[in-house]
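Architecture and fold: a report
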Amino acid sequence: MERSTNQQPDDLVRLDVSVPIWDRFFMVAPLVVIGTREQDGEYDLAPKHMVTPLGWENYFGFVCTPEHATYQNIRREGVFTVSFPTADAVVTTSLTASPRCGDDSKPALAALARFKATTVDGVFLKQSTLFFECKLDRIVDGFGANSLIAGKIISALISPAALRSMDVDDQEVVSDSPLLAYLAPARYAIINRSQAFPFPAGFQKTRDTES
């Protein structure tokens, strides 16, 4: 017997895709701070939320525009850092988005606690739980006015409370080290509760048994 297809619900709202749709609804995203080295030798920090692991290997990517210093710094220097701010670092993270002065400097960054990366020339936002040092892998331009910046993680640090362990329940980790999430386009949330996802029996993320 042929399986029937249910009708589309009649209460759905069709969005106008002739213009960007992303301000019409909320989406959950990580909130990170990207660190780069400026041309004058100073360091910049900038918040980003269009970020993601790139596959199951140690690759990390985020969306940026060539108009921003972050893009230009990474293209020139070939490296960048990633800090995942703590749940109580909302104001601190917001300050990294401060506008530049006429001399192209960001004085607000001087008030933020930072520390040096060890394998790349960069800094981290200290009030964070997870830290990546990345070497530029490639830049893919052409997503409208934006670009995808992809890096290979060559060093990573994590706070003990955020580290998963066979001896600690995952919910306890989430509770002890809540996650700061960005609800695009302009809100945030703190995640301190979670549930195990009900994967079906026999589920595998890949058919490759070596992965």
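This structure is a prediction, so every number in the text was calculated from the model and none was measured. (Residues numbered from 1 in each chain as written. Predicted model: local features only at pLDDT ≥ 70, side-chain atom pairs only at ≥ 80, totals over all residues. Heavy atoms only, no water.)

**Notes on the overall build of the chain**
How we decide: Every helix listed is a DSSP run of H or I at least four residues long, and every strand listed is a run of E at least two residues long, numbered separately from the N terminus. Relative accessibility under 20% of the residue-type maximum defines a buried residue, over 50% an exposed one, and the middle range a partly exposed one, all with a 1.4 Å probe and only protein chains included. Contact criterion: two residues are considered in contact whenever any of their non-hydrogen atoms come within 4.5 Å of each other. Here the accessible surface of atoms and residues is derived via Shrake-Rupley with a 1.4 Å probe, and residues count as covered only by protein chains that are part of the display.
Along its length, the chain carries three helices and 12 strands. The dimensions of the chain, computed from C-alpha atoms along their principal axes, are 70 × 50 × 35 Å. The burial tally for the chain puts 34% of its 211 residues in the buried class. Considering only residue pairs separated by 6 or more positions, the chain has 56% of its internal contacts joining residues 24 or more positions apart. When the accessible surface of the chain is totalled, it reaches about 14300 Å², and 54% of it is carbon and sulfur.

**Some details on helix 1 (residues 69-77)**
Let me state the cut-off plainly: The directions from the helix axis to the C-beta atoms are what the arc is built from.
Among the residues of helix 1, Thr70, Tyr71, Asn73 and Ile74 are the ones counted as buried. An end-on view of helix 1 places all buried positions within 165° of arc, on one side of the element. Lining the buried residues of helix 1 we find strand 2 (32-37), strand 3 (43-48), strand 5 (59-64), strand 6 (79-85), strand 9 (128-143) and strand 10 (146-158). One or two residues past the end of helix 1 sits Gly78, with phi positive at roughly 80°.

**Overview of the environment of Ala113**
As for its position among the elements, Ala113 is in the loop between helix 2 (90-95) and strand 7 (114-116). What makes Ala113 partly exposed here is its relative accessible area of 45%. A sequence separation of 11 residues divides Ala113 from Phe124, and the C-alpha atoms of the two residues are 8.6 Å apart. Excluding its chain neighbours within four sequence positions, the residues that come into contact with Ala113 are Phe124, Leu125 and Lys126.

**Comments concerning the sheet that holds strand 10**
This is how the line gets drawn: For two strands to be treated as a pair, DSSP must find no fewer than two bridges joining them. Each axis is a line fitted through C-alpha atoms, and for a helix only the stretch in contact is used; angles between axes span 0 to 180 degrees, taken between their N-to-C directions.
Spatially, the seven strands line up as an open sheet ordered 3-2-6-9-10-5-4, and their pairing is antiparallel. Only two strands of the sheet have a single neighbouring strand rather than two, namely strand 3 and strand 4 (51-53). Along the sheet, successive strands turn relative to each other by an average axial angle of 30°, direction set aside. Across 12 bridges, the pairing between strand 9 and strand 10 is antiparallel. When the sheet's bridge partners are listed, Phe131 is paired in strand 10 with Leu157. Here helix 1 sits on the sheet in contact with strand 2, strand 3, strand 5, strand 6, strand 9 and strand 10, set at roughly 50° to strand 2.

**What about the packing of aromatic side chains?**
We describe a pair of aromatic rings using the distance from one ring centre to the other and the angle between the two ring planes. How we decide: Working definition: a ring pair exists when centres of Phe, Tyr or Trp rings (six-membered ring for Trp) sit within 6.5 Å. Plane angles under 30 degrees give stacked, over 60 give edge-to-face, the rest tilted. Definition used: whenever NZ (Lys) or CZ (Arg) falls within 6 Å of the ring centre and also within 35 degrees of the ring normal, the charge is taken to sit over that ring.
For the coordinates displayed, the defined rule picks out 10 aromatic pairs. Ring centres of Phe60 and Phe84 lie 6.4 Å apart, and the angle between their planes is 75°; this geometry places the pair in the edge-to-face category. Of this pair, Phe60 sits in strand 5 while Phe84 is found in strand 6, placing the two residues 24 residues apart along the sequence. Across this residue pair, the class does not change: Phe60 and Phe84 are buried. Here the aromatic rings of Phe84 and Phe132 are separated by 5.4 Å at their centres, their planes lie at 70°, and the arrangement is edge-to-face. With Phe84 in strand 6 and Phe132 in strand 9, the pair connects residues that are 48 residues apart, well separated along the chain. Side by side, Phe84 and Phe132 carry an identical accessibility label, which is buried. Members of the aromatic cluster, each reached through a chain of ring pairs, are Phe60, Phe84 and Phe132. Lys152 extends its terminal NZ or CZ atom over the ring of Tyr59, reaching a point 4.8 Å from the ring centre.

**Quick word on the pairing of strand 6**
Taken across its seven residues, strand 6 has seven buried, putting it largely inside the fold. The pairing of strand 6 with strand 9 spans seven bridges and is classified as antiparallel. Looking at the pairing, Ser83 lines up with Phe131 of strand 9.

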